[in-house]
Amino acid sequence: MSPITRLTAAAVGGVLLLATACGGGREGPAPQPPPTSSPAEEKEKDSIFDSAVRVAVKYDQPGFNFQDQETRAYAGFEKDLAEYLSSELKFTMDLKDEPSHRREKVLENGTSQLVIATYSITEDREEQVDFAGPYFQTRQGLLVRAGNKDITSRETTAGKVICTVSGSTSAPETSGAGKKLAQLLPKARVDLRDSYSQCVDQLRRGNFDAVWTDRAVLYGFMERYDDIKVVEKLELGSPQRYGVGVQEGREGDCRKIADALRRFLGTDQDWRNAFRSHFPRLAKEDPDFEQHYKPAPETVDDYSCLDD
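Residues numbered from 1 in each chain as written. Predicted model: local features only at pLDDT ≥ 70, side-chain atom pairs only at ≥ 80, totals over all residues. Heavy atoms only, no water.

Enquirer: Help me understand the overall build of the chain, please; the structure alone is not making it clear to me.
Expert: Scanning the chain from N- to C-terminus turns up 13 helices and 12 strands. Split into buried and exposed, the 308 residues of the chain put 44% on the buried side. Pairs at least 24 residues apart make up 74% of the contacts formed inside the chain by residues separated by at least 6 positions. Total accessible area computed for the chain in this model is approximately 16,000 Å², and 49% of it derives from carbon and sulfur atoms. (Helix = DSSP H or I, 4+ residues; strand = E, 2+ residues; numbered from the N terminus. Buried < 20%, exposed > 50% of the residue type's maximum accessible area, 1.4 Å probe, protein only. Contact = heavy atoms within 4.5 Å. Areas by Shrake-Rupley, 256 points an atom, 1.4 Å probe, with all protein chains shown as cover.)

The following block contains the structure:
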C-alpha cells in the first residue's frame, strides 16, 4: 500500500471513529450511568445528629416522663436520659409526645428520629426499627386501688376488668411477648385505652379493677398518687428491656447511641442518680433496685443495632 493510500485509509477510519463517538453509530454497548448508592448507604451519609433531633416521648408517665401542664416542661428518668445523650453526642433535641401505637410509624416516616418512651425491645419491632439498649429492665405487674384486697395473684384476677394500652407489649392483640402475657390472665377481661394515664384515671374513679403493664411504669404512678398501689410479689412474664428506637438503616448513629448508653449504665452514677431522683419511694423501699431495674452494660452489645 502506498503512503497516500495509507493516509487515506487512516483519515476514513478517523472519520468513522468520530462519527461513532458523536452518536452516529448504532452498534456497541450503550453508555452506562455512574453507580449509585443504596438507600441505606444514602441514609448513612448524613447523621441524624447533624441537625436538631426530634425525639418521641411519653408526656403522661410519671417517673419516666411527665409534662407539667402549666410550664410545659418535661421531667423524668427518660428526660434525663435524652439530655444525657444530647450532651454526649452533641445534638440539639425537640421532644414530641406520641402514643404507644405510633412509635414504629414515626420512625418509619421520619417525623421522629429517636423514640425514648418505655419502648420494649422485641423481635417483632426489630423487623421495623432498630434499637440501642437496653437502658432499663422491669417485669410486668398490676396496679390496684390502695384499699383493694381482692387481687393478690393471677388466680384472683378472674372476672376482673383490667386496663392496658393499645400497642404496648401488654396488649392482648400484640403478637410475641404481649400475646404470651395475655395468656397469664386468661379469665380476666382486658379493656384497652390509648395511654396509661387514662387507665389510671379510670382505675381511681372505680371503673377498672386494675391496670396491667410494666411494674416500673406502675410504680411511677404510685409515686404520684397515694390512692393506688402495685400488687406485691406479683410479677408477670419475662423482663421487659427498654431501648432507644432508631430508624432502620442508621447503623452508624445506632452504634453511637449504644456506646453512650454503656457509659450511662457504667460507673459514673448517671443511671443511679436518675433512678433515685424520679423513683424515690421505690429506691427507698427496694435497696437492690439496681439489681432489679438496671441492665448490665455488657447487655447493650446483645440487643443493639441488630441486622436480623
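Enquirer: How should the side chain of Q140 be read in this particular structure?
Expert: As for its placement among the helices and strands, Q140 is situated in strand β7 (residues 130-145). Among the polar contacts made by the side chain of Q140, one reaches the side chain of W212 at a distance of 3.4 Å. A polar contact is formed between the side chain of Q140 and the side chain of D214, at a distance of 2.9 Å. (Polar contact = N/O pair within 3.5 Å; in protein donor to acceptor, adjacent residues only side chain to side chain.)

Enquirer: Honestly, the state of the cysteines in this entry has me stumped. Any pointers?
Expert: Chemically, a disulfide is nothing more than a covalent bond linking the sulfur atoms of two cysteines. Inspection of every chain in the model, using the stated rule, returns 2 disulfides. Through a disulfide, C254 is tied to C305; the S-S separation comes to 2.2 Å. Between C254 and C305, the S-S torsion sits near -95°, and that sign places the bridge as left-handed. Placement of the pair is C254 in helix α9 (residues 251-264) and C305 in the segment after α13 (299-303), with a sequence separation of 51 residues. One exposure class covers both C254 and C305, and it is buried. What links to what in the chain: the bonded cysteines, counted in sequence order, pair as 1-2, 3-4. (Disulfide = S-S within 2.5 Å.)

Enquirer: I keep staring at the pattern of salt bridges and nothing clicks. Help me out?
Expert: Any two side chains of opposite charge can pair, given that their charged atoms come close. Within the structure shown, the criterion is met by 17 salt bridges. A salt bridge links R255 to E251, with the shortest nitrogen-to-oxygen separation between them at 3.6 Å. Residue R255 and its partner E251 are located together in helix α9, separated by 4 residues, close to a single helical turn. For R255, a relative accessible area of 36% puts it in the partly exposed group. Look at E251 and you get partly exposed, because its relative accessible area is 39%. The salt bridge involving K294 is made with E290; its shortest N-O contact spans 3.4 Å. Residue class for K294 comes out buried when judged on its relative accessible area of 18%. (Salt bridge = Lys/Arg side-chain N within 4 Å of Asp/Glu carboxyl O.)

Enquirer: Hey, could you run me through the layout of surface pockets in this one?
Expert: Using a probe with the size of a water molecule, rolled over the atoms, empty space left in the structure can be pinpointed. The volume enclosed by the largest pocket comes to roughly 520 Å³. Lining the largest pocket are 24 residues, with R215, Y219, V231, K233 and E235 sitting closest to its centre. Where the lining of the largest pocket is concerned, the elements lending two or more residues are β7, α8 (215-224), β11 (228-230), β12 (236-246), α11 (280-285) and α12 (289-293). Of the residues in the lining of the largest pocket, the class split is 8 nonpolar, 5 polar and 11 charged. (1 Å grid on protein atoms, 1.4 Å probe; cavity = no way out; pocket = protein on both sides within 12 Å on 5 of 7 lines; lining within 4 Å. Points joined across faces, edges and corners; volume = space filled by probe spheres on them. Nonpolar A, V, L, I, M, F, W, Y, C, P; charged D, E, K, R; others polar.)

Enquirer: Looking at this structure, I do not really get the packing of helix α3 (residues 77-89) against helix α10 (residues 270-278). What am I missing?
Expert: To describe two helices that pack against each other, one gives the angle between their axes and the distance between the axes. For the pair α3 and α10, the least separation of the axes is 9 Å and the interaxial angle reads 150°. Considered as vectors, α3 and α10 are oriented roughly antiparallel to each other. Between α3 and α10 the crossing geometry is right-handed. On α10, the residues touching F77, D80 and Y84 of α3 are D270, W271, A274, F275 and H278. (Axes fitted to C-alpha atoms, helices over the stretch in contact; angles between N-to-C directions. Parallel < 35°, antiparallel > 145°, perpendicular 65-115°, else oblique. Left-handed = near helix turned anticlockwise from the far one by under 90°.)

Enquirer: Sorry, what's going on with the side chain of D253 here?
Expert: Assignment of secondary structure puts D253 in helix α9. Within the buried set, D253 has no salt-bridge partner at all; the shortest N-O distance to an opposite charge, 4.1 Å, is to R250. Beyond its immediate chain neighbours, meaning those up to four positions away, D253 contacts S47, I48 and F49. (Lys, Arg positive; Asp, Glu negative; His and termini not counted.)

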